[in-house]
Amino acid sequence: MISSVIGFLYPAYMSFKALESKSSTDKDFREWLTYWVVYSFLVAVDPILSIAFFWLNPFYYLIKVAFYVALFHPKTRGASFIYERYLRDLLKRYENQIDEGLRKINEGIDTTVTQAKPHLANAAANATASQFGK
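Residues numbered from 1 in each chain as written. Predicted model: local features only at pLDDT ≥ 70, side-chain atom pairs only at ≥ 80, totals over all residues. Heavy atoms only, no water.

### As for helix α3 (residues 60-72)
Put simply, the rule reads: Under the DSSP-based scheme used, a helix requires at least four consecutive residues in state H or I and a strand at least two consecutive residues in state E, with every element numbered from the N terminus. By this rule the span expected of a helix is its residue count minus one, scaled by 1.5 Å. With a 1.4 Å probe rolled over the protein chains alone, any residue whose accessible area is under 20% of its type maximum counts as buried; one over 50% counts as exposed, and the rest are partly exposed. The directions from the helix axis to the C-beta atoms are what the arc is built from. Note on contacts: a residue pair qualifies if any of its non-hydrogen atoms lie within 4.5 Å across the two residues.
Counted at 1.5 Å a residue, the expected span for α3 with its 13 residues is 18 Å, and the 19 Å between its end C-alpha atoms agrees. Taken residue by residue, α3 has Tyr 60, Lys 64, Val 65, Tyr 68, Leu 71 and Phe 72 as its buried positions. Looking straight down α3, one finds that the buried residues subtend no more than 140° of arc, so they occupy a single side. Looking at the packing, one finds that the buried side of α3 touches α1 (2-20), α2 (26-54) and α4 (78-93).

Following this line, the structure appears as structure tokens:
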């Protein structure tokens with residue numbers, strides 16, 4: 001719970017502040033976007049890391065909280081370090097495959113929504129009619 005608050009809510013609020021502040025710079029936006037790229041990657045691999053490290057270290061969650069702070073703290077700039085050192089090259093290497101996979105997923109979603117739309121509209125009309133006795 002605490003790691004979620006520190007890893008998600010604080011950065012989300014600070015991202016909101018950067019978006020809404022008239023004094024925010026491109027550097028502010030880049031820092032928070034970098035944080036979210038790194039955080040998203042960590043969330044994706046967290047189930048594996050949790051299993052691997054929780055049994056080895058009873059302080060796993062405390063270390064996780066400290067790690068999240070190190071990611072976004074201006075003095076450590078951990079997210080920038082991890083992104084520039086590891087993630088950027090990894091994402092660049094697989095960028096075309098990721099784009100193609102996302103394109104296929106979006107096509108599938110579009111097809112599903114197009115096919116489901118008439119059925120959903122009909123179901124909504126029926127539910128409304130039965131709710132109001134018409």
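Now that the structure has been shown, we can carry on.
### A closer look at the layout of surface pockets
The criterion, for reference: Lining residues are those with an atom within 4 Å of a point, where the points come from a 1 Å grid over the protein atoms alone and group into cavities, where a 1.4 Å probe fits but cannot get out, or pockets, open sets with protein on both sides within 12 Å along at least five of seven lines. Grid points are joined across faces, edges and corners, and a volume is the space filled by probe spheres set on the points. Under the scheme applied, nonpolar residues are Ala, Val, Leu, Ile, Met, Phe, Trp, Tyr, Cys and Pro; charged residues are Asp, Glu, Lys and Arg; polar residues are all the others, including Gly.
Space inside the largest pocket adds up to approximately 320 Å³. Taken together, 17 residues form the lining of the largest pocket, with Asp 28, Glu 31, Trp 32, Phe 72 and Pro 74 sitting closest to its centre. Sorting the residues of the lining of the largest pocket by element identifies α1, α2, α3 and α4 as the ones contributing at least two each. Looking at the lining of the largest pocket element by element, the count peaks at five residues for α2. Looking at the lining of the largest pocket, its residues break down into nine nonpolar, three polar and five charged. Its volume calculated, the second largest pocket comes out at about 260 Å³. Surrounding the second largest pocket, Leu 42, Asp 46, Leu 49, Phe 53, Asn 57, Tyr 60, Ile 63, Lys 64, Phe 67 and Tyr 68 form its lining. Every element with two or more residues in the lining of the second largest pocket is listed here: α2 and α3. Top element by residues in the lining of the second largest pocket is α3. It accounts for five residues.

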